[in-house]
Amino acid sequence: MTRQRRVAVTSPQTRLAMARHRTGARMQLPHLAPADLERARRIHRAQLRAALGAVALLAVLIIGLPVLLAAFPGLDGVRVAGVPVSWLALGVLPYPALVLLARWQLRRAERAERPRELP
Amino acid sequence: MIVAAIVLVVLVTVLIGARGVAAIRSTSDFLVASRRISPALNAAAVSGEYLSAASFLGVAGLVLKDGIGALWYGVGFTAGYIAMLALVAAPMRRTGALTVPDFAEARLGSAGLRRLSGVVVLVIATLYLVPQFKAAGLVLTVVSGTPYWVGVVVAGAAVSITLALGGMRAATYVQAFQFGLKLLLFIVPAIWLVLQVGADTRREALAPVEFTRFERPSPVEFRLDVELTVTEPTPVTVSGRPPEVLAPGRYGASAGSTWTFAEGAAVPEVAGSLPPGGADWARPLLNPDGAGHPMLATMSLLVATVLGTMGLPHILVRFHTSSDGRGARRTAAITVALLSVFYLFPGVYGALGAVLLPELYLAGGTDTVVVALPARVDSGWLGTLFTALLSAGAFAAFLATSLGLLLALSGAVSHDLLPGVTVRRLRLTTLGAAVFMVALALPAAHLDVGALVTSGFAVAASTFCPLLVLGIWWARLTAQGAVVGMLVGLVSSAGVIGASFFVTAPPGLAAILLGQPALWSVPLAFVTMVLVSLRGRPPAWASAAMLRLHLDETEHSHRR
């Protein structure tokens, strides 16, 4: 086994901070090549559209559900297999809906990143 | 046996941390190990760090105390990762920033904003850590019968020892293991309880009746001073005194005393609490302490939890272990699925608790319902076994979250707030922070674990959420706008919550808007940030600084 130089192992956060203090330099100004800039603009627009869509759907779900439950107190009395429907609507139903929403948004965000030429 | 189970959790955690470090051959392996972690493993680690004592104990406790509507906590805690996935995960990973202060400097180039963000990390971490220590102290109190302060001090000692031994330090697979452990220790006892209680109790749990009479002789152990209002002559035996019949009126039960109510006795009223099982209790909207305006309270909670998740300092660091932006996004999506499994179960404990242990609401001990249920259902060795499992799980939850938060907090203090940095000082800061949290948790016995954690979310939602969302998606954000917006958000969330500890707002609308300010403080912070930014001019490089966050790494022609 070759001899290795000993290095203090720290968390990435500490490493960054120490590097920052050692160089004392402020960050370099961000810069993008013109070709990248154009593509970045396009992706930014597409991603923003996708993100706003997902957030809007999430809002419909988590604002709509309480409104629905407040508007129809009768759901407390309706039972499925002994459990009040309103309890199911709050304790169980949101989770599969959230998982599906996450899946949907993930797919769209990844599609927006793909170059336009590819199908 | 219960204490042994908790010690075992601590030992296994430390061992996995130590073995994991030993198994890694070279420093460079250690430093790049994070790059190879798959989204699924990383999502388990995120969930492991996220599921705190507030989720393990607090949500079920709030269901017992405030009603079925408290299940919205779980929905909000999970939905936060959708906001994270859609708005923050991938671009944040691409900045290479590990913390919000790093992000603030990378995106807006302002050292002042970095320091302000460091202060906000401090506030969020404190609001999040105090209830963790409270919960850990409470668990130890329940299982060993020692006073509350002993539990908190022991919990602080356990965290400090684990830190000193190097266990769990930033090791992804330790957190992933913690998630598996917590999930198992939460779900298996829940299923056992449901099977064990019998058909009658199951039916009662689904169709609760208001807790107005004691159905059996019930000893109530008061852990805090509580004022009770007796409405009719009530036979009771106070510990150390002969049996007596209380005339209607107000009585103070002092902490540490046990009142045994006779079978059939009327349940006294507690100011500011609804008895479990009533019609209000069973409504699926959040109505804390019966203050009214359940819709507002529910919305405020959801805004805080959904938008606050993206600003939690210990969670953001975890996303950095993804290989790239795409991996971070996948991590967030899988986390939604993992948390969805966990949050199906707090309701089981809450609903069973409302039938089997409604007297906990009298004693102000609803946070203990999860660990108290097994012994109530089975007084033999099985009950003890499951109490041990649940206590171990709660302690694992406490350890995982507190260590992550303590590291984030001391990182903020020594990297963002103080000049210069040494590893030694970082270590001392971490220990100092643990001592500070113990000192704050000692007088916090009467605060709800779940509610206090939500204040942490409210602060994150009112400060870091606008900074991250506008910073990532809006090129015109200026450093000045970010500073003013964050200050406004910090004062209207943390300031208002802090003031509500000293000034009691009249119950009703004002109490909800002041106790749960997210509903108005988040929009206020957003609007301030936008308006102040529009009055200023972003630097010429601002547009490139924002756009590069959206470029997929694999196609990037200018690597950092």
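Residues numbered from 1 in each chain as written. Chains lettered and ligands numbered in written order. Predicted model: local features only at pLDDT ≥ 70, side-chain atom pairs only at ≥ 80, totals over all residues. Heavy atoms only, no water.

(A) Region of interest: the overall build of chain B. Broken down by element type, chain B carries 23 helices and seven strands. Against the globule reference of 24 Å for 560 residues, chain B gives a C-alpha radius of gyration of 24 Å, in line with a compact fold. Overall, chain B is about 80 × 55 × 40 Å in size when its C-alpha atoms are taken along their principal axes. Looking at chain B as a whole, 61% of its 560 residues are labelled buried. Taken together, the 35 basic and 27 acidic charged side chains of chain B have centroids lying 17 Å from each other. (Helix = DSSP H or I, 4+ residues; strand = E, 2+ residues; numbered from the N terminus. Rg over C-alpha atoms; globule rule 2.2 N^0.38 Å. Buried < 20%, exposed > 50% of the residue type's maximum accessible area, 1.4 Å probe, protein only. Lys, Arg positive; Asp, Glu negative; His and termini not counted. Charge placed at Lys NZ, Arg CZ, Asp CG, Glu CD.)

(B) The packing of aromatic side chains, seen in detail. Residues and elements named next belong to chain B. As enumerated under the stated definition, the model contains 21 aromatic pairs over all chains in all. Seen in terms of ring centroids, Tyr-73 and Phe-77 are 6.2 Å apart; in terms of plane orientation they differ by 55 degrees. Their pairing is tilted. Note that Tyr-73 and Phe-77 are positioned in helix α5 (residues 72-95) at a spacing of four residues, about one turn of the helix. Centroid distance Phe-77 to Tyr-343: 5.9 Å. Interplanar angle 45 degrees. Geometry classified as tilted. (Phe/Tyr/Trp six-rings, centres within 6.5 Å; stacked < 30°, edge-to-face > 60°.)

(C) Representation of the environment of B:Trp520 in the model. Residues and elements named next belong to chain B. Among the secondary structure elements, Trp-520 is positioned in helix α22 (residues 518-535). The spacing of Trp-520 and Ser-462 is 58 residues in sequence and 9.1 Å in space, taken between C-alpha atoms. In contact with Trp-520, not counting residues within four places along its chain, are Ser-492, Val-496 and Leu-513. (Contact = heavy atoms within 4.5 Å.)

(D) Quick look at the side chain of A:Glu110. Structurally, the position occupied by A:Glu110 is in helix α4 (residues 94-113). In this structure the side chain of A:Glu110 is engaged in a polar contact, spanning 2.8 Å, whose partner is the side chain of B:Arg330. Ignoring anything within four residues of it in the chain, the contact list for A:Glu110 reads B:Arg326, B:Arg329 and B:Arg330. (Polar contact = N/O pair within 3.5 Å; in protein donor to acceptor, adjacent residues only side chain to side chain.)

(E) Region of the structure containing the sheet that holds strand β2 (residues 226-230) of chain B. All names here are of chain B. Judged by pairing direction, the sheet is antiparallel, and its three strands sit side by side in the order β5-β2-β7 without closing on themselves. The open sheet is flanked by β5 (249-253) and β7 (269-270), the only strands paired with a single partner. Across five bridges, β2 lies against β5 in antiparallel orientation. Residue pairing for β5: Val-226 is matched across the bridge by Ala-253. (Pairing = 2+ DSSP bridges.)

(F) Examining the nonpolar core more closely. Residue and element names in this part refer to chain B. If you look at the biggest cluster of nonpolar residues, it comprises 174 residues, and the most contacted ones within it are Tyr-50, Met-84 and Leu-467. Considering each element in turn, this core owes the most residues, 17 residues, to helix α7 (residues 111-144). Excluding residues that lie within four positions of it along the chain, Met-84 makes contacts with Ala-89, Thr-309, Met-310, Ile-315, Leu-316, Phe-319 and Ala-332. Counting 19 residues, the second largest nonpolar core, distinct from the first, contains Phe-222, Val-226, Val-267 and Tyr-361. (Core = buried A, V, L, I, M, F, W, Y, C linked by side-chain atoms within 4.5 Å.)

(G) Fine view of a positive patch on the surface. Taken together, A:Arg103, A:Arg107, A:Arg111 and A:Arg114 make up a surface patch of like positive charges. Assignment of secondary structure puts A:Arg114 in the segment after α4. (Patch = residues over 30% accessible without salt bridge, like charges linked within 9 Å, V, L, I, M, F, W, Y side chains within 5 Å. Areas by Shrake-Rupley, 256 points an atom, 1.4 Å probe, with all protein chains shown as cover. Salt bridge = Lys/Arg side-chain N within 4 Å of Asp/Glu carboxyl O.)

(H) Structural context of the pattern of salt bridges. All chains considered together, the criterion is met by 17 salt bridges over all chains. Of the charged contacts, one joins B:Asp102 and B:Arg114 as a salt bridge, the two residues approaching to 2.9 Å between their closest N and O atoms. Of the two residues, B:Asp102 is situated in helix α6 (residues 100-108) and B:Arg114 in helix α7; the sequence distance between them amounts to 12 residues. Residue B:Arg241 is joined to B:Glu244 by a salt bridge in which the shortest nitrogen-to-oxygen separation is 3.4 Å. Taken together, the salt bridges that share partners define one network made up of A:Glu113, B:Arg94, B:Arg326 and B:Arg329.

(I) Looking closely at the environment of B:Gly151. Residues and elements named next belong to chain B. Structurally, Gly-151 can be placed in helix α8 (residues 148-165). Taking the relative accessible area as the measure of exposure, Gly-151 reaches 1% and is therefore buried. Separated by 75 residues in sequence, Gly-151 and Val-226 place their C-alpha atoms 21 Å apart. Apart from residues no more than four positions distant in its own chain, Gly-151 is found in contact with Gly-137 and Leu-140.

(J) A look at the packing of helix α4 (residues 53-66) of chain B against α7(B). Residue and element names in this part refer to chain B. It is at 10 Å that the axes of α4 and α7 come closest, and there the two elements cross at 70 degrees. Here α7 runs roughly perpendicular to α4, going by the angle between their axes. Crossing handedness for the pair α4 and α7: left-handed. When α4 is examined against α7, the residues Ala-53, Ala-54 and Leu-57 are found in contact with a partner set consisting of Gln-132, Ala-135 and Val-139. In the contact of α4 with α7, the residues fall into five nonpolar, one polar and no charged. (Axes fitted to C-alpha atoms, helices over the stretch in contact; angles between N-to-C directions. Parallel < 35°, antiparallel > 145°, perpendicular 65-115°, else oblique. Left-handed = near helix turned anticlockwise from the far one by under 90°. Nonpolar A, V, L, I, M, F, W, Y, C, P; charged D, E, K, R; others polar.)

(K) How the structure looks around the confidence of the model for chain A. Looking at chain A, pLDDT values average 82 and 71% of them are 70 or higher. Per-residue pLDDT, averaged within each element of chain A, yields its smallest value for helix α1 (residues 12-23) of chain A (63) and its largest for α4(A) (94). (pLDDT = per-residue confidence, 0-100.)

(L) Quick look at the environment of B:Val522. Residue and element names in this part refer to chain B. Inspection of the secondary structure assignment puts Val-522 in helix α22. Linking Val-522 and Leu-307, residues 215 residues apart in sequence, is a C-alpha distance of 8.7 Å. Contact partners of Val-522, with chain neighbours within four places excluded, come to Val-303, Leu-307, Ala-461 and Ser-462.

(M) The arrangement of helix α3 (residues 39-50) of chain B in detail. All names here are of chain B. In this model α3 runs 16 Å from its N-terminal to its C-terminal C-alpha over 12 residues, within 8% of the 16 Å that 1.5 Å per residue would give. For α3, a buried count of nine out of 12 residues is recorded, marking the element as mostly surrounded by other parts of the structure. For α3, the full list of buried residues reads Asn-42, Ala-43, Ala-44, Ala-45, Val-46, Ser-47, Gly-48, Glu-49 and Tyr-50. (Expected span 1.5 Å × (residues − 1).)

(N) Spotlight on the sheet that holds strand β6 (residues 258-261) of chain B. Residues and elements named next belong to chain B. The strand order across the open sheet formed by four strands is β1-β6-β3-β4, and the pairing between neighbours is antiparallel. Each of the sheet's edge strands pairs with one partner strand only, and the pair in question is β1 (218-221) and β4 (244-246). Each neighbouring strand pair of the sheet contributes to a mean axis angle of 35 degrees, computed without reference to strand direction.

(O) Representation of helix α20 (residues 479-502) of chain B within the structure. Residue and element names in this part refer to chain B. With 24 residues, α20 ought to run about 34 Å at 1.5 Å a step, and its terminal C-alpha atoms sit 34 Å apart, in line with that. Of all the positions in α20, only Gly-481, Ala-482, Gly-485, Met-486, Gly-489, Leu-490, Ser-492, Ser-493, Ala-494, Val-496 and Ile-497 are classed as buried. Where α20 is buried, its residues contact α6, α7, α19 (449-473), α21 (509-515) and α22.

(P) Examining unusual backbone geometry more closely. Residue and element names in this part refer to chain A. A positive phi angle, close to 50 degrees, is found at Ala-81, a residue other than glycine. Looking at the element boundaries, Ala-81 is found in the loop between β1 (79-80) and β2 (83-84). Classification of Ala-81 by relative accessible area gives exposed; the value is 77%.

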